[in-house]
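What the coordinates show
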Amino acid sequence: MDEPLPPRSPRASSPPRFRMEKSANQVMTGVFEFLRFCSRNEWVDAELVARLTETKYLNWLPPGKEAGEDGQFRTVRTKILKLPESSEDAVEYLTPEEADQLFQVATRARDRFLIALLGCTGERISEALGLRRQDMHLLSSSRSLGCRVEGPHIHVRRRANNANGALAKSRFARVIPVTEDLAGLYADYQLERDEVPKAAGCDMVFVNLFHAPLGQPMRYGTAKELFDRLAKKTQLTARPHMLRHGAATAWVRAGVDEDVVQDLMGHISRSSLTPYLHRTDGEKRAAVELVAARRRS
């Protein structure tokens, strides 16, 4: 078993971290809608809300919206506070080659399984840390478990009572198929886990094996420290969510139907896939050269 991690040293001063423009805009939208609600109930001066909005004319109406007989519904009030969002590099992701680099430098079976799981399933880190052993259906048939889904797979469920605070974002349960290779990595992890007797009584998939409290559910801070160490070893920028983005990007580029990708990712709205539809410079050049070649022929 590896030696316990050394105590954390006092955190050195570092530059403040800010939300991405898209996330900040979402927060401001939530605050604005709350102020509108307060205004309707006369808890906030209506003039304040009016000062935060402007009139916008809709040249193009969204599906299902009627313009009205005199076009009176073409004007809406929109918030004026909005940060510009970059259309390029909308999400940071790890390529399959970069994900493999992380996998190769990870020395523990648990950590290798976590990396492979995130890259294979596109799960959020909160969903992975919230997995229970009963969610892991990794045999070719799970009928003996009362599950009719064929092939190895995992169940992602939202649970509010996880001891580590891990909470799936979506309220809807979903099934994600996995590979036989991932099932093998899980078996390797179970052998490593069996060496820590205190982990036997915990139903959570990911537990502390190398530092106190041994056998207790793994928390996000531990996962982040793991990725920080892997990033330092590989000289990559690596965060758990980048494996999720990498999985979605790989599916889209492989031509997987967007409805399937949406279901795998656990997105309610199709628009959530937009950040993964970016194309490489090579793909764009190939498209231009293809059309040019056809014109010449």
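Read on for an overview of the structure. Keep in mind that this is a model prediction, so the values were computed, not measured.

Over its 20 residues, helix 1 (residues 21–40) extends 29 Å from the first C-alpha to the last, a length consistent with the 28 Å expected when each residue adds 1.5 Å. Residues of helix 1 that are buried include every one of Ala24, Asn25, Phe32, Leu35, Cys38 and Ser39, and no others. Looking straight down helix 1, one finds its buried side chains confined to an arc of 135°; they lie on one side. In this structure, helix 1 carries Phe34 and Arg40 as exposed residues pointing more than 90 degrees from its buried face.

Ordered by their spatial adjacency, three strands build an open sheet running 3-4-5, and the pairing between neighbours is antiparallel. Of all strands in the sheet, those bounded by a partner on one side alone are strand 3 (136–137) and strand 5 (174–177). Alignment of strand 4 (residues 153–156) against strand 5, held across four bridges, turns out to be antiparallel. Across the sheet, the residue bridging to Val156 is Arg174, located in strand 5.

It is characteristic of soluble globular proteins that their nonpolar side chains tend to be buried jointly. Judged by nonpolar contacts, the single largest core of 56 residues is most densely connected at Phe113, Leu114, Phe206 and Phe227. It is helix 4 (residues 109–121) that provides the largest number of residues to this core, a total of seven residues. Leaving out residues up to four positions away in the same chain, Phe227 has contacts with Leu102, Leu114, Ile115, Leu118, Ala238, Arg239, Pro240 and Leu243.

The rules behind these values
Residues numbered from 1 in each chain as written. Predicted model: local features only at pLDDT ≥ 70, side-chain atom pairs only at ≥ 80, totals over all residues. Heavy atoms only, no water. Helix = DSSP H or I, 4+ residues; strand = E, 2+ residues; numbered from the N terminus. Expected span 1.5 Å × (residues − 1). Buried < 20%, exposed > 50% of the residue type's maximum accessible area, 1.4 Å probe, protein only. Arc of directions from axis to C-beta. Pairing = 2+ DSSP bridges. Core = buried A, V, L, I, M, F, W, Y, C linked by side-chain atoms within 4.5 Å. Contact = heavy atoms within 4.5 Å.

All we've got here are geometric facts, nothing functional implied.
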